[in-house]
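Topology and contacts: notes
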Number of protein chains: 2
Amino acid sequence: MINCILASTSTVYGGTYLDYLFDSLRILYKDAQKIVFIPYARPSGISHDEYTAIAKSAFQKIGKELIGIHTFDNPIEAIQNAEGIFTGGGNSFVLVSELYKQNLIPVLQEAIKNGTPYLGTSAGSNIAGISIRTSNDMPIVYPPSFETLGIVPFNINPHYLDPHANSKHKGETRETRIKEFHQFNTIPVVGLREGSWIEVQKNQITLKGDDFTARIFEQSKTAYELEPESSLAFLK
Amino acid sequence: MINCILASTSTVYGGTYLDYLFDSLRILYKDAQKIVFIPYARPSGISHDEYTAIAKSAFQKIGKELIGIHTFDNPIEAIQNAEGIFTGGGNSFVLVSELYKQNLIPVLQEAIKNGTPYLGTSAGSNIAGISIRTSNDMPIVYPPSFETLGIVPFNINPHYLDPHANSKHKGETRETRIKEFHQFNTIPVVGLREGSWIEVQKNQITLKGDDFTARIFEQSKTAYELEPESSLAFLK
């Protein structure tokens, strides 16, 4: 029953907020008119109201109403009654802290597993994996746990970046960081480039976005690329 | 009594491990012959033994002996009796988790405040600040706290990187991330470029490294640059 789009980014280079996903969102939300928006990740620290205004304006372009979860008296009921859900990107640590504070982790799991259409971008996609242990974000707040929704049985690394060929910088590359992750964790990681997304429909998990392969990291294996339209269901 | 070097990186572009710091390390460790090395940050997931071998080889070039803390039966006593301490870079979350597991946080604080010379590079510098909330690392393990030694009254962002002028990538820049930090935290952040370090001597805190300014972030202020040899003691 699951029906999700988990996107690497909200915005691709040269585009506007969510525009490259509009066709897919019309299908995802075909039976939903009102979408509950989770603005908790607060990109650049903007307020829940400011963030909701940005998302609302994009959803108007596909004829959908969007309501910030922070405007409901009871956020748990807001999710339980939602026709559709969208969690925007920003800081994963801030997002996860607030989801735990509001006791929304099990509520979101149940709603999504029961078929409420779900869109995540960036941090909002990250939380659909097992944990935020492959987040790129700065740990600016301390959440009670790094564990997240586990809608897909792997972790996502959004905004996946290839190493810069001529860089003089000695900080770790993204690939190095994910390899470090696998020294301490067994679950696979999907390095999702900007412009790619993962579609989850019933038991199908498919890599989408025509322009990019995804980089797959499994413990004790050399990382490799997967083509668009590949199934990701084998990753466990 | 404090006597520390907190470096952005162990290795600068085109150099070898620690070589750009050798002159300063001869002064830092002038009264120390045996240095206790903390390899817990495990860069790229290498073992404590492998990491210690790398550091040992560099310290031989300045005539100092280096011993991995993991080879002592009692790590707490190893720090209490150390003539000098060096914490290498790697993953801050892995480092901090192990420091808490070994109950070393208060022991390190006491030793450093009592004058045991201390070198940190990257993650090893990060922990000398108030917390690892401005780390660049991937949160691959969940530590019991993000709070660290507080040897300096601010946070450090090592490997500080300026935004890439022509980037098409939509992930957050380092400056954006630190600004987000200041939505939730009041303490200042020193963005320390590779090749720069902070020298702490008694009550003096000085930016070192001839080639680079540091970028200073204070809550509710525009970020600005500080020249080498500037005092950082005003940051609180």
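The model shown is predicted, which means the values in this text are computed figures rather than measured ones.

Check the secondary structure of chain A and you find seven helices and 11 strands. Relative to its length of 236 residues, chain A is compact, with a C-alpha radius of gyration of 17 Å against a globular reference of 18 Å. For chain A, the residues scored as buried account for 61% of the 236 residues in total. Of all intrachain contacts in chain A linking residues separated by at least 6 positions in sequence, the fraction that spans at least 24 positions is 68%. Looking at chain A as shown, the accessible area adds up to about 9500 Å², and 48% of this sits on carbon and sulfur atoms. Between the mean site of the 21 positive side-chain charges and the mean site of the 25 negative ones, chain A shows a separation of 3 Å.

Low pLDDT marks regions whose predicted coordinates should not be analysed in detail. Here chain A averages 95 in pLDDT, while 100% of its residues score no lower than 70. Both scores are given for the predicted complex: the pTM is 0.95, the ipTM 0.92.

This part takes up the pairing of strand S1 (residues 3-7) of chain B. All names here are of chain B. Among the five residues in S1, five count as buried, and that is most of the element. Covered by surrounding structure in S1 are Asn3, Ile5 and Ala7 together with Cys4 and Leu6, the residues of both alternating faces. With five bridges joining them, S1 and strand S8 (residues 197-201) adopt antiparallel strand pairing. Bridge assignment links Asn3 to a residue of S8, and that residue is Gln201.

Superposition of chain B onto chain A requires a rotation of 180° combined with a translation of 0.0 Å along the rotation axis, giving an RMSD of 0.0 Å. The transformation just described matches what one would write down for a two-fold rotation axis.

Moving on: unusual backbone geometry. At His159(A), a position not held by glycine, the phi torsion is positive, near 50°. The phi dihedral of Leu18(B) falls on the positive side, at around 70°, and the residue is not glycine. Residue position: Leu18(B) is located in the loop between S1 and helix H1 (22-28).

All names here are of chain A. Reading across the sheet, the seven strands line up as S3-S2-S4-S5-S1-S8-S9 and stay open at both edges, with mixed pairing between neighbours. Two strands bound the open sheet, and with one partner strand each, they are strand S3 (65-68) and strand S9 (204-208). On average, each strand axis in the sheet is tilted by 20° relative to the strand beside it, whichever way the strands run. Two strands pair when backbone bridges link them, and strand S1 (residues 3-7) and strand S5 (residues 118-121) are joined in this way by four bridges, in the parallel orientation. What sits directly across from Cys4, in S5, is Tyr118.

On to the environment of Val36(B), then. Residues and elements named next belong to chain B. Relative to the helices and strands, Val36 is located in strand S2 (residues 34-38). In this structure Val36 comes out as buried when scored by relative accessible area, which is 4%. A C-alpha to C-alpha distance of 6.0 Å links Val36 and Ile69, two positions 33 residues apart in sequence.

With that settled, consider the packing of aromatic side chains. For the structure shown, the criterion picks out 19 aromatic pairs over all chains. Taking 5.8 Å as the distance between ring centres and 55° as the angle between the ring planes, the aromatic pair formed by Tyr160(A) and Phe217(A) counts as tilted. Of this pair, Tyr160(A) sits in the loop between strand S6 (155-157) and helix H7 (174-184) while Phe217(A) sits in strand S10 (residues 214-217), placing them 57 residues apart in sequence. On the basis of relative accessible area, Tyr160(A) is assigned to the buried category, the value being 3%. Geometrically, the ring pair formed by Phe59(B) and Phe86(B) is stacked, given 5.5 Å between the ring centres and 25° between the ring planes.

Time to look at helix H4 (residues 92-101) of chain B. Of all 10 residues that make up H4(B), eight are buried, and the element is covered over most of its length. Taken together, the buried positions of H4(B) are Ser92(B), Phe93(B), Val94(B), Leu95(B), Val96(B), Ser97(B), Glu98(B) and Leu99(B). In this structure, the buried side of H4(B) is in contact with H7 of chain A together with S2, strand S4 (84-87), helix H5 (105-113) and helix H6 (123-126) of chain B. For H4(B), the N-terminal cap is Asn91(B); the gap from its side-chain oxygen to the backbone nitrogen of Phe93(B) is 2.8 Å. Immediately downstream of H4(B), the backbone of Asn103(B) shows phi near 55°, a positive value.

Further remarks concern the pattern of salt bridges. Residue and element names in this part refer to chain A. Counted by the stated rule, this structure contains 22 salt bridges over all chains. Between Arg26 and Asp23 there is a salt bridge; the shortest N-O distance is 3.1 Å. With Arg26 and Asp23 both in helix H1 (residues 22-28) and three residues apart, the pair spans about one turn of that helix. One continuous salt-bridge network, built from bridges that share partners, spans Asp162, Glu175, Lys179, Arg193, Arg215 and Glu225.

Residue and element names in this part refer to chain B. Tracing the sequence through the fold places Arg193 in the loop between strand S7 (189-191) and S8. A residue is classified by how much of its surface remains accessible, and Arg193, at 9% relative accessible area, is buried. A polar contact of 2.9 Å, which involves the side chain of Arg193, links it to the side chain of Asp162. Polar contacts involving the side chain of Arg193 include one to the side chain of Glu225, which spans 2.8 Å. Setting aside its immediate chain neighbours within four residues, Arg193 contacts Ser8, Tyr160, Asp162, Phe212, Thr213, Ala214, Arg215 and Glu225.

Turning our attention to the sheet that holds strand S6 (residues 155-157) of chain B. All names here are of chain B. As summarised here, the arrangement of the four strands in space is S6-S7-S10-S11, forming an open sheet in which the pairing is mixed. Every other strand in the sheet has two partners, leaving S6 and strand S11 (224-226) as the edge strands with one partner each. Each strand of the sheet is rotated relative to its neighbour by a mean of 30°, with strand direction disregarded. Bridge count between S6 and S7: three bridges; the pairing is parallel. Paired with Ile156 across the strands is Val190, a residue of S7.

Ranked by internal contacts, the top residues of the largest apolar core, which has 110 residues, are Ile79(A), Ile198(A), Ile79(B) and Ile198(B). With near-sequence residues (within four places) excluded, Ile79(B) lies in contact with Val36(B), Ile38(B), Ile69(B), Ile85(B), Leu104(B), Val107(B), Leu108(B) and Ala111(B).

Here the focus is the environment of Ile178(A). One can find Ile178(A) in helix H7. Ile178(A) gets classed as buried once you look at its relative accessible area, which sits at 0%. Between the alpha carbons of Ile178(A) and Thr134(A) there is a distance of 6.9 Å; along the sequence they are 44 residues apart. Contacts of Ile178(A), omitting those with residues within four sequence positions, involve Asn157(A), Tyr160(A), Val189(A), Phe217(A) and Met138(B).

Rules used in this analysis
- Within each chain, residue numbers correspond to sequence positions counted from 1 in written order.
- In the order they appear in the text, chains get letters beginning with A and ligands get numbers beginning with 1.
- Reporting of local features is limited, given that this is a predicted model, to residues whose pLDDT is at least 70; pairs of side-chain atoms are given and counted only at 80 or more, and all residues count toward the totals for whole chains, interfaces and linings.
- Remark: hydrogens and water are excluded; side-chain values derive from all non-hydrogen atoms of the structure.
- Each helix is a run of DSSP H or I of at least 4 residues and each strand a run of E of at least 2, with the numbering of both proceeding from the N terminus.
- It is over C-alpha atoms that the radius of gyration is taken, and the globule rule equals 2.2 Å times the number of residues to the power 0.38.
- Partly exposed describes any residue whose relative accessible area lies between the buried limit of under 20% and the exposed limit of over 50%, with all areas from a 1.4 Å probe on protein chains only and scaled to the type maximum.
- When checking whether two residues touch, look at their non-hydrogen atoms; a contact exists if any pair is within 4.5 Å.
- Computed with a 1.4 Å probe, the accessible areas rest on the Shrake-Rupley method; for each residue, only the protein chains presented here act as cover.
- For the charge count, each Lys or Arg is scored as positive and each Asp or Glu as negative, with His and the chain ends excluded.
- Charged side chains are reduced to one point each, which is NZ for Lys, CZ for Arg, CG for Asp and CD for Glu.
- Per residue, pLDDT captures the predictor's confidence, and it can take any value from 0 to 100.
- By definition, two strands form a pair when at least two bridges between them are found by DSSP.
- Copies overlap after least-squares fitting; the atoms used are the C-alpha atoms of residues with pLDDT of at least 70 in both.
- Here an axis means a line fitted to C-alpha atoms, over the contact stretch when the element is a helix, while the angle between two N-to-C directions is reported on a 0 to 180 degree scale.
- To pair, rings of Phe, Tyr and Trp, with the six-membered ring standing in for Trp, must have centres within 6.5 Å; the planes then decide the type, stacked if under 30 degrees apart, edge-to-face if over 60, and tilted in the middle.
- Here a polar contact means two N or O atoms within 3.5 Å. Within protein one must be a hydrogen donor candidate and the other an acceptor candidate, and residues neighboring in sequence count only if both atoms are side-chain atoms.
- By convention in these notes, a salt bridge is any Lys or Arg side-chain nitrogen within 4 Å of a carboxyl oxygen on Asp or Glu.
- Side-chain atoms within 4.5 Å link the members of a nonpolar core, which is a set of buried Ala, Val, Leu, Ile, Met, Phe, Trp, Tyr and Cys residues.

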